[in-house]
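The chain contents come next:
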Amino acid sequence: MHSHSLAPWQHEHAFLGKKHHEHERRTWAVVALATAMMIAEIVGGLLFGSMALVADGLHMSTHVAALSIAAIAYSLARTHLSNERFSFGTGKLGELAAFASAIILAMVALLIGYESVTRLIGPVAIRFGEAIPIAALGLGVNLISAWLLHDRDHHHAHEEEYSIGREQVRARHMDHNFRAAYVLVLADALTSLLAISALVAGLYLGWVWLDPAVGLVGTAVIAAWAWTLIKSSGAVLLDTVPSRKCAELIRQRLEVGDDRVADLHLWRLGPGHLGMMAVVVSENPRSPDHYKARLSGIDGLSHVNIEVHACHTS
């Protein structure tokens, strides 16, 4: 029986983002703000007999549900951080929530598109006096929410390829769950802004058709955002290689002299954390720690496992 402590060879699987607690706090704040807005609109609509207020309140409830998914994912990832049932930690709970939020966002886009087409075919009377203040109030709430959820990393969401440079490190730390919540409120702010523009034009110019027309524009933009989120979060859930350049750099670091990489796996464990497994074959094999030392300086490698085999020439 081995009597020595195994502590030097053990480590935690805490692969949460550096801003996890901050993002969790901000997301819950937006959930509270959206919930208060939803209740105020529904109750106010019932008290004052405004179906427009009730309808907007019910619409807000879908955003409360989607934002709650993001907030709950943060809480679950934190509380189950040491749960051994999660082999590589809970860092991917945020990706799962982001994927779910993206699906909800796509459904909202389809609903807006369907309603817009219906109103283009059969125009309905619009009560501009009630609709414009409601849209303005909704825009204000969503702008505040977007400010709470704003993160500079959002501006680099399009960077799929990255190595070790400054911009690439920033992309690697992307929190897709937080970005999904941000895109959700940003999409709602966009629809509110488009609605206000169309309603003002309809009120003063009589362009009633503009209201459903801008709805179709909003549908296209929101659908594009949803598709981007589905691709980015789905790629992480499927353990795709986060960066071919980074994988190539790892291969170059390991293949020195007669050392060759027979198998290499690189995947994302959570925001700012990468997992790596490699099989090295060599005529003069060294210890796994020797090969791990070659990878020093590569940002984000949080879980490295290297298997070494001797290759004897006949």
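Now for a look at the structure at hand. One numbering rule holds for all chains: residues counted from 1, following each sequence as written. Local features in this predicted model are restricted to residues whose pLDDT is 70 or higher, and side-chain atom pairs enter the listing and the counts only when it is 80 or higher, whereas totals over whole chains, interfaces and linings include all residues. The basis for every side-chain value is the complete set of heavy atoms in the structure, and neither hydrogens nor water enter the calculation.

### Considerations on the pattern of salt bridges
We apply this condition: By definition, a salt bridge exists where a carboxyl oxygen of Asp or Glu is found within 4 Å of a side-chain nitrogen of Lys or Arg. Strands here are runs of E lasting at least two residues and helices are runs of H or I lasting at least four, both read from the DSSP assignment and numbered beginning at the N terminus. Residue burial is assigned from relative accessible area. The probe radius is 1.4 Å, only protein chains are included, and a residue is buried under 20% of its type maximum, exposed over 50%, and partly exposed in between.
Enumeration according to the criterion identifies 6 salt bridges in this entry. For Arg78, the salt bridge goes to Glu24, with nearest N and O atoms at 2.7 Å. Of this pair, Arg78 sits in helix α2 (residues 51-79) while Glu24 sits in helix α1 (residues 20-48), and the two are 54 residues apart along the sequence. The class of Arg78 is partly exposed, set by a relative accessible area of 34%. Of the charged contacts in the structure, one is a salt bridge between Arg251 and Glu255, with a shortest N-O distance of 3.9 Å. On the accessibility criterion, Glu255 (29% relative accessible area) is partly exposed.

### Quick notes on the pairing of strand β2 (residues 273-282)
Quick reminder of the rule: Two strands form a pair only when DSSP identifies at least two bridges running between them. Here a crossover is taken to be right-handed if, once the strands point away from the viewer, the path from the first strand over the helix to the second is traced clockwise.
Among the 10 residues of β2, 8 are classified as buried, and the element is accordingly described as predominantly covered. Direction of pairing for strand β1 (residues 260-270) relative to β2: antiparallel, over a ladder of 9 bridges. Paired with Leu266 across the strands is Met276, a residue of β2. Where β1 folds back onto β2 in an antiparallel hairpin, the turn is made up of 2 residues, including Gly272, whose phi is positive at roughly 85°. Regarding the hand of the β-α-β motif, the stretch spanning β2, helix α9 (residues 288-293) and strand β3 (residues 301-310) is right-handed.

### Quick notes on the side chain of Arg268
Put simply, the rule is: Polar contact is defined as a pair of N or O atoms within 3.5 Å, subject to the rule that within protein one atom must be able to donate a hydrogen and the other to accept it, and that residues adjacent in sequence are counted only when both atoms are side-chain atoms.
Tracing the chain through its elements places Arg268 in strand β1. In terms of polar contacts, Arg268 uses its side chain to reach the side chain of Glu95, at 2.9 Å.

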